[in-house]
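# An overview of the molecular structure
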Amino acid sequence: MIIDKGLSPDFINDYLKVCGKYITFAKFGWGTSAVQSRELVKEKIENYKKYGIKTYPGGTLFEVCFSKNLFEEYLKECKDLGFECVEISDGSMELKPEDKDYAIKQAKKAGFIVLSEVGKKSIVLDSELEIHERIELVKKDLESGADFVIIEGRESGKSIGLFDEKGNVKKEELEILAENVDMDKIILEAPQKNQQVEFILRFGNDVNLGNISFEEVISLETLRRGLRGDTFGKI
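Here is a short report on the structure shown in this document. (Residues numbered from 1 in each chain as written. Predicted model: local features only at pLDDT ≥ 70, side-chain atom pairs only at ≥ 80, totals over all residues. Heavy atoms only, no water.)

## A look at the state of the cysteines
- Counting across every chain of the model gives zero disulfides.
- With no disulfide of its own, Cys65 has Cys78 as its nearest cysteine by sulfur position, at a separation of 7.7 Å.
- The class of Cys65 is buried, set by a relative accessible area of 15%.
- Overall, the relative accessible area of 3% leaves Cys78 in the buried class. (Disulfide = S-S within 2.5 Å. Buried < 20%, exposed > 50% of the residue type's maximum accessible area, 1.4 Å probe, protein only.)

## Some points on the pairing of strand 5 (residues 113–118)
- The element strand 5 is largely enclosed, with a buried count of five among its six residues.
- As defined by bridge partners, strand 4 (residues 85–88) adjoins strand 5 across four bridges and the pair is classed as parallel. Within strand 5, the position partnered with Glu87 by the bridge is Leu115.
- Handedness of the crossover joining strand 4 and strand 5 through helix 5 (residues 97–109) is recorded here as right-handed.
- When strand 5 meets strand 6 (residues 148–151), the two strands line up parallel, connected through four bridges. Following the sheet pairing, Leu115 is matched in strand 6 by Phe148. (Helix = DSSP H or I, 4+ residues; strand = E, 2+ residues; numbered from the N terminus. Pairing = 2+ DSSP bridges. Right-handed = clockwise from strand over helix to strand, strands pointing away.)

## Some remarks on the sheet that holds strand 1 (residues 2–4)
- Strand order across the open sheet formed by three strands is 1-2-3, with parallel pairing between neighbours. This sheet does not close on itself; its edge strands, each paired only once, are strand 1 and strand 3 (54–57). Along the sheet, successive strands turn relative to each other by an average axial angle of 30°, direction set aside.
- Contacts from helix 2 (residues 38–49) reach strand 1, strand 2 (25–28) and strand 3 within the one sheet, and its direction differs from that of strand 2 by about 165°. (Axes fitted to C-alpha atoms, helices over the stretch in contact; angles between N-to-C directions. Contact = heavy atoms within 4.5 Å.)

Function cannot be read off these values alone, since they describe shape.
So this is what it looks like as structure tokens:
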């Protein structure tokens, strides 16, 4: 899963010739799709669709709309624009478990692929989540019907989720997660190379990785194939 922070349609069209086949999901980060014209967003979505890439707006935009009682309008607008997926998250707000369950089920009912997210944007609030609490939240989202659950890692990959303040993977917590959930249903946000390497070596070269920057797609693919020193001869 890559982040589109506001790329132009022409850039997308050219760059996907190089790396399009290696991308599954493209997230229009945060609320970026709301500050571009509808025509531009539609054009970008169509460019991604040419390569079989499924698109969705960032979870923060869902949170803004849900908090303003505009969830139904939000789903309709996503459908009208051509998004195939939506992200249901509570990283920047407090969302009651029953509300998250409702949002996931309504999005599924509307025909979307649903990616939920577990974790908080705030380092302080996220640090309060024990690994077993994260696991329970993951299981609840999957039971509600989420197709994938994203483990929050933000763009920095530091002091959030499975990462310490230096961006190193908390191996013990990772193993507890792997023992308790179906990793095929998990997308691990991993913006840093060392994180990508660790996840590939632990789960194999088809592990689901997210928050990958556009310029890192090809280099990540070489890691997955053992064509870079970090994974050479190890997978």
